[in-house]
Amino acid sequence: MLVLGIESSCDETAAAVVRDGREVLTNIVASQHEIHAEFGGVVPELASRAHAERITGVLQEAVEQAGVTLDQIDAVAVGHRPGLIGALLVGVSSAKALSWSLGVPLVGVDHIRAHLWAGLLGSDLALDNVYPALGLVVSGGHSSIFRMTGPNDLELLGSTIDDAIGEAYDKAAAILGLGHPGGPAIDRLAREPGADDRAVDLPVSRLGKESLDFSFSGLKTALLYAVRGVPGPGGIFPRTIDELDPSRKRDLAASFQRAACRAVLFKLERASQTGAFRTLLVGGGVSANSKLRNDLKVWTDRIGMNLILPEMSYCVDNAAMIAGLAFDRLQQGQADGLELRASPSATP
Ligand code: KG4
Ligand code: ZN
């Protein structure tokens, strides 16, 4: 079964053709980073406009490069929640038009759940060997832990009470004077020779004895104070970013990264004690982070859990994961009609 997937929830316009949920024939992603960089974050209006301009070309490329024709497509899938509403509407409208004109089913897919399918792309691991799983989504918009009994059967165990981890990475990068998106920039800097990840002791929030929630805003503020000093009367900082020398900058990036990863591992350790899990499924842009990938590997090896990490190209937003999860919904006999709605929130 060939599924054409569409993703437009934030700042990536993406389309992909995936066979039987696992075999990725094409995965086209048109990123808008250059549009939003000067604002230091995603501007929703600009994102919608860029999606509208790019979606047709991206779809065409995905189908043509897959070596198939539109009449061979068996279903059209679209990430319809959560995300920026104007951005989602571009993908949802395109998917409706395509499914209607081709006369094939339309499948709405939850973007967060799709991130947890990304690790299964390209693998032939039977689902019976995956679930029950712990699901970890670490992205620019979400930091959540789930108990999963199937790709679409999830129970939220914990999530962030303030910033998402990727958002914290992006803000930390802004504080350190690095570009947007900041995650890859901090990851690179922290890996430079000589970077000392214990140079500055940054806080790891625990939020009480049993909480499985995350909080990253304190970490971000602690980094700000480490860079610019504690503000005095009138909120004036004693230092500017220009006073940061390159080696201190490296140390701060590495220290931030260490604290962010420790926060994730700390909550995962707690979550793993709430039941029996075959695997740890991970997804979202921050699952591309080199230290997090390594720390997760070491931890799962130690406790004897199977780790399923997405390939690097499937960590950030993409449409292959959308088409992949849609295949599972279709297998369950589920599809949507033209009444499918885009929704900014995660719950239907
Ligand atoms: O999953 P994603 O593409 O979008 C959302 O669904 O939010 O995630 C984007 C986030 C950004 O915050 C970006 O800085 C972060 O993923 N990111 C990284 C890395 N690559 C991307 N964070 C840390 N290390 C990386 N290597
Ligand atoms: Zn995402």
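See the structure printed just above.
Source: prediction; values computed, not measured.

Thresholds, definitions, all that
Residues numbered from 1 in each chain as written. Chains lettered and ligands numbered in written order. Predicted model: local features only at pLDDT ≥ 70, side-chain atom pairs only at ≥ 80, totals over all residues. Heavy atoms only, no water. Helix = DSSP H or I, 4+ residues; strand = E, 2+ residues; numbered from the N terminus. Buried < 20%, exposed > 50% of the residue type's maximum accessible area, 1.4 Å probe, protein only. Contact = heavy atoms within 4.5 Å. Areas by Shrake-Rupley, 256 points an atom, 1.4 Å probe, with all protein chains shown as cover. Lys, Arg positive; Asp, Glu negative; His and termini not counted. Charge placed at Lys NZ, Arg CZ, Asp CG, Glu CD. Donors = N, O, S within 2.8 Å, 3.2 Å for Na, K, Ca; no water. Tetrahedral: all angles 85-135°; square planar, octahedral: opposite > 155°, others 65-115°. Axes fitted to C-alpha atoms, helices over the stretch in contact; angles between N-to-C directions. Parallel < 35°, antiparallel > 145°, perpendicular 65-115°, else oblique. Nonpolar A, V, L, I, M, F, W, Y, C, P; charged D, E, K, R; others polar. Near = heavy atom within 4 Å. Polar contact = N/O pair within 3.5 Å; in protein donor to acceptor, adjacent residues only side chain to side chain. Pairing = 2+ DSSP bridges. Salt bridge = Lys/Arg side-chain N within 4 Å of Asp/Glu carboxyl O.

Novice: Even after reading the chapter, I still don't get the overall build of the protein, so can you show me in this structure?
Specialist: Looking only at helices and strands, one finds 10 helices and 10 strands in the protein. Looking at the protein as a whole, 52% of its 348 residues qualify as buried. Long-range contacts, defined as pairs at least 24 residues apart, comprise 72% of the intrachain contacts of the protein with a sequence gap of at least 6. Element-wise, carbon and sulfur atoms account for 51% of the exposed surface of the protein, whose accessible area totals about 14,700 Å². Across the protein, the mean location of the 31 positive side-chain charges is 7 Å away from that of the 41 negative side-chain charges.

Novice: What is the right way to look at the coordination of the zinc ion (ligand 2) in this model?
Specialist: Ligation of the zinc ion (ligand 2) by protein atoms is provided by His111 (NE2), His115 (NE2) and Asp317 (OD), these donors lying 2.0 to 2.1 Å from the ion. The site at the zinc ion (ligand 2) holds 4 donor atoms, and with the angles between them running 94 to 140°, its shape is irregular. In the primary structure, the donors to the zinc ion (ligand 2) are separated according to the pattern H-x3-H-x201-D. Taken together, the residues span a long stretch of sequence, with His111 in helix α4 (residues 111-115) and Asp317 in the loop between β10 (306-308) and α10 (320-331) at a distance of 206 residues.

Novice: Is there a simple way to think about the packing of helix α5 (residues 165-175) against helix α7 (residues 217-228) in this case?
Specialist: The geometry of a pair of packed helices is captured by two quantities: the angle between their axes and the separation between those axes. Between α5 and α7, the shortest axis-to-axis distance is 10 Å and the interhelical angle comes to 10°. With respect to α7, the axis of α5 lies roughly parallel. Contact residues: Lys171, Ala172 and Ile175 in α5; Lys220, Leu223, Leu224 and Val227 in α7. Along the lines of polarity and charge, the residues of the contact of α5 with α7 split into 5 nonpolar, no polar and 2 charged.

Novice: When you look at the site of ligand 1 in this model, what are you seeing that I'm missing?
Specialist: Taken together, 20 residues lie near ligand 1, and Gly140, Asp170, Gly285, Asn289 and Asp317 sit nearest. Contacts to ligand 1 include Ser139, whose side-chain N or O atom sits 3.4 Å from an oxygen atom. At 2.8 Å from an oxygen atom of ligand 1 is found a main-chain nitrogen or oxygen belonging to Gly140. Protein chains shield 90% of the accessible area of ligand 1, which is 560 Å² for the free molecule. Those elements that place two or more of their residues in the shell around ligand 1 are α4, α5 and α6 (182-190).

Novice: What is the right way to read the sheet that holds strand β8 (residues 153-159) from this model?
Specialist: Strand pairing within a sheet occurs via backbone hydrogen bonds; the two strands may be parallel or antiparallel. Spatially, β8-β7-β6-β9-β10 is the arrangement adopted by the 5 strands of the open sheet, whose pairing is mixed. Edge positions in the sheet fall to β8 and β10, since each of these pairs with one other strand and no more. Strand after strand, the sheet turns through a mean of 25° between neighbouring axes, direction not considered. In the sheet, strand β6 (residues 133-138) pairs with strand β7 (residues 143-150) via 6 bridges, with the strands oriented antiparallel. Each bridged residue has a counterpart across the sheet, and for Leu136 the counterpart in β7 is Ile145. Contacts from helix α9 (residues 290-303) reach β6, β9 (279-283) and β10, with the element oriented near 175° to β9.

Novice: I tried to follow the side chain of Asn289 on my own but got confused; where do I start?
Specialist: If you trace the backbone, Asn289 turns up in the loop between β9 and α9. The class of Asn289 is buried, set by a relative accessible area of 5%. Polar contacts involving the side chain of Asn289 include one to the side chain of Tyr169, which spans 3.3 Å. At a separation of 3.0 Å, a polar atom in the side chain of Asn289 contacts the main-chain amide nitrogen of Leu292. Residues in contact with Asn289, not counting those within four places in the same chain, are Tyr169, Asp187, Gln257 and Cys261.

Novice: So what exactly am I meant to see when it comes to the pattern of salt bridges here?
Specialist: Close approach of charged atoms allows side chains of opposite charge to pair. Applying the stated criterion across every chain, the model contains 14 salt bridges. The salt bridge partner of Glu155 is Arg147, with a shortest N-O separation of 3.0 Å. Since its relative accessible area comes to 40%, Glu155 is described here as partly exposed. One salt bridge connects Arg198 with Asp197, and the closest N-O pair in it is separated by 4.0 Å. One continuous salt-bridge network, built from bridges that share partners, spans Asp163, Glu167, Lys171 and Lys220.

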